[in-house]
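Reading the structure
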Amino acid sequence: MLGYLLLAACLDAWMDLRAAGISDNMSDTVSYSEIYRIVREVVEGPPQNFLESLAQLIASTTLAKCQQISAVRVRVGKPHVAVQGPVDYLGIKIVRYKSIDPNC
């Protein structure tokens, strides 16, 4: 089980931002607070055994709850990994596309 010792949980989101760039209106974009809440709920939710499953859950939940987002890149890492040699942390990065990923 991963526990809660995550060094990083980062999410990049892709969406068409032309309308927001023109209107400067919140209704034409996605709320950063909403994305943060989704990531936090997943990270603090039921524990996952692997970084890969945690990243997938963050990606699929974000794509399901934020309809305007078409793709996400999720990076998660953890410190204190048992490996031979000095490292600050190890992690993974995934990219998921709403249009081609049936689990999102």
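Structure's up top.
Residue numbers restart at each chain and count upward from 1, following the sequence in its written direction. Whole-chain, interface and lining totals are the exception, using all residues; otherwise, since this is a predicted model, local features are given only for residues with pLDDT of at least 70 and side-chain atom pairs are given and counted only at 80 or more. Only hydrogens and water are removed before side-chain values are computed, so all heavy atoms of the structure are retained for them.

What follows deals with helix α3 (residues 51-65). Since the α-helix advances by 3.6 residues per turn, residues separated by three or four positions end up pointing in the same direction. Counted at 1.5 Å a residue, the expected span for α3 with its 15 residues is 21 Å, and the 21 Å between its end C-alpha atoms agrees. Residues Leu 51, Leu 54, Ala 55, Ile 58, Ala 59, Ser 60, Thr 61, Thr 62 and Leu 63 constitute the buried set of α3. Whether two residues are in contact is decided by their heavy atoms, any of which lying within 4.5 Å being enough. Strands here are runs of E lasting at least two residues and helices are runs of H or I lasting at least four, both read from the DSSP assignment and numbered beginning at the N terminus. On its buried face, α3 sits against β1 (8-14), α2 (32-44), β2 (71-79) and β3 (89-97). Helix span, as expected, comes to 1.5 Å for every residue beyond the first. For the exposure calls, accessible area comes from a 1.4 Å probe over protein chains only, and a residue counts as buried if that area is under 20% of its type's maximum, exposed if over 50%, partly exposed in between.

A word on the pattern of salt bridges. Here, a salt bridge means any Lys or Arg side-chain nitrogen found within 4 Å of an Asp or Glu carboxyl oxygen. Counted under the stated rule, the structure contains six salt bridges. The salt bridge partner of Asp 16 is Arg 18, with a shortest N-O separation of 2.7 Å. In this structure Arg 18 comes out as exposed when scored by relative accessible area, which is 62%. Where Glu 34 meets Arg 37, a salt bridge forms, and the shortest distance between an N and an O atom there is 2.5 Å. Residue Glu 34 and its partner Arg 37 are both found in helix α2; the two are separated by three residues, about one turn of the helix. Taking the relative accessible area as the measure of exposure, Glu 34 reaches 25% and is therefore partly exposed. Overlapping salt bridges, with partners in common, bring together Glu 34, Arg 37, Glu 41 and Lys 65 in one network.

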